[in-house]
Structures are given as structure tokens and as C-alpha cells.
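Structure at a glance
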Amino acid sequence: MTRTQNVSEATAQIIDEETKRLVNEAYEKARSILTDRIDDLHTIAKALLELETLSGDDIAKLMRGEKIVREIPPEEPLTPTPPPSSVPS
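Described below are features of the structure shown in this document. Quantities reported herein were computed from a predicted structural model and do not represent experimental measurements.

Another point: the packing of helix α2 (residues 38-51) against helix α3 (residues 56-63). Contact pair α2 / α3: the axes reach a minimum separation of 10 Å and the direction vectors enclose 130 degrees. Comparing their axes, α3 and α2 come out oblique. At the point where α2 passes α3, the crossing takes the right-handed sense. Contacts between α2 and α3 pair Asp40, Thr43, Ile44 and Ala47 from the former with Ile59, Leu62 and Met63 from the latter. Here the contact of α2 with α3 is composed, by residue class, of 5 nonpolar, 1 polar and 1 charged.

Basis of the calculations
- Residues numbered from 1 in each chain as written.
- Predicted model: local features only at pLDDT ≥ 70, side-chain atom pairs only at ≥ 80, totals over all residues.
- Heavy atoms only, no water.
- Axes fitted to C-alpha atoms, helices over the stretch in contact; angles between N-to-C directions.
- Helix = DSSP H or I, 4+ residues; strand = E, 2+ residues; numbered from the N terminus.
- Parallel < 35°, antiparallel > 145°, perpendicular 65-115°, else oblique.
- Left-handed = near helix turned anticlockwise from the far one by under 90°.
- Contact = heavy atoms within 4.5 Å.
- Nonpolar A, V, L, I, M, F, W, Y, C, P; charged D, E, K, R; others polar.

Have a look at this one:
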């Protein structure tokens with residue numbers, strides 16, 4: 001695939017270098033945050049394994065050391081009961 005270049009080769013190289021610098025800087029910052037907060041990472045990972053999804057409120061509760069409580073919907077009966085008849089007996 002070809003593309004039209006609207007900047008000089010030197011300018012394109014400067015842009016590429018700056019892009020690489022920004023990506024590397026963001027990578028290092030993310031790595032540092034995850035390393036510094038490894039316990040929080042494990043707490044969230046464990047909750048995700050148990051609950052599959054987390055809302056922002058759920059994550060905030062976890063970070064405050066609170067447990068997430070979700071109501072469990074009632075189970076369906078194994079043999080569904082037929083709906084009442086609309087025909088009088």
C-alpha cells in the first residue's frame with residue numbers, strides 16, 4: 001500500500017521519534033503504576049475471576065477495602081410450572 005507523504009523525510013523521522021518517545025514513556029508509567037500497586041492489581045484480578053465484570057463503583061469499593069455484595073437471583077425451578085389455565089374448569 002502506498003501513501004502520499006505531505007512532510008519531508010526529516011520531519012517524518014522527528015514525528016516517528018516523538019511518537020516512539022511518548023509510547024515508551026506511557027509504557028514505563030503504566031509499568032511503574034502496576035508495580036507500585038501490585039496488591040490492588042491482584043485484588044481486582046481476583047474479583048474479576050469471581051464476578052466476571054466490575055463497575056467503576058465496584059472497583060472503588062475494592063480500593064477502599066470493601067467487599068462487593070451482589071444479590072443472587074432466585075434459581076429457576078428444575079421443572080417449570082405450567083402457567084395457570086385461562087379456561088375455567
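Now, onward.
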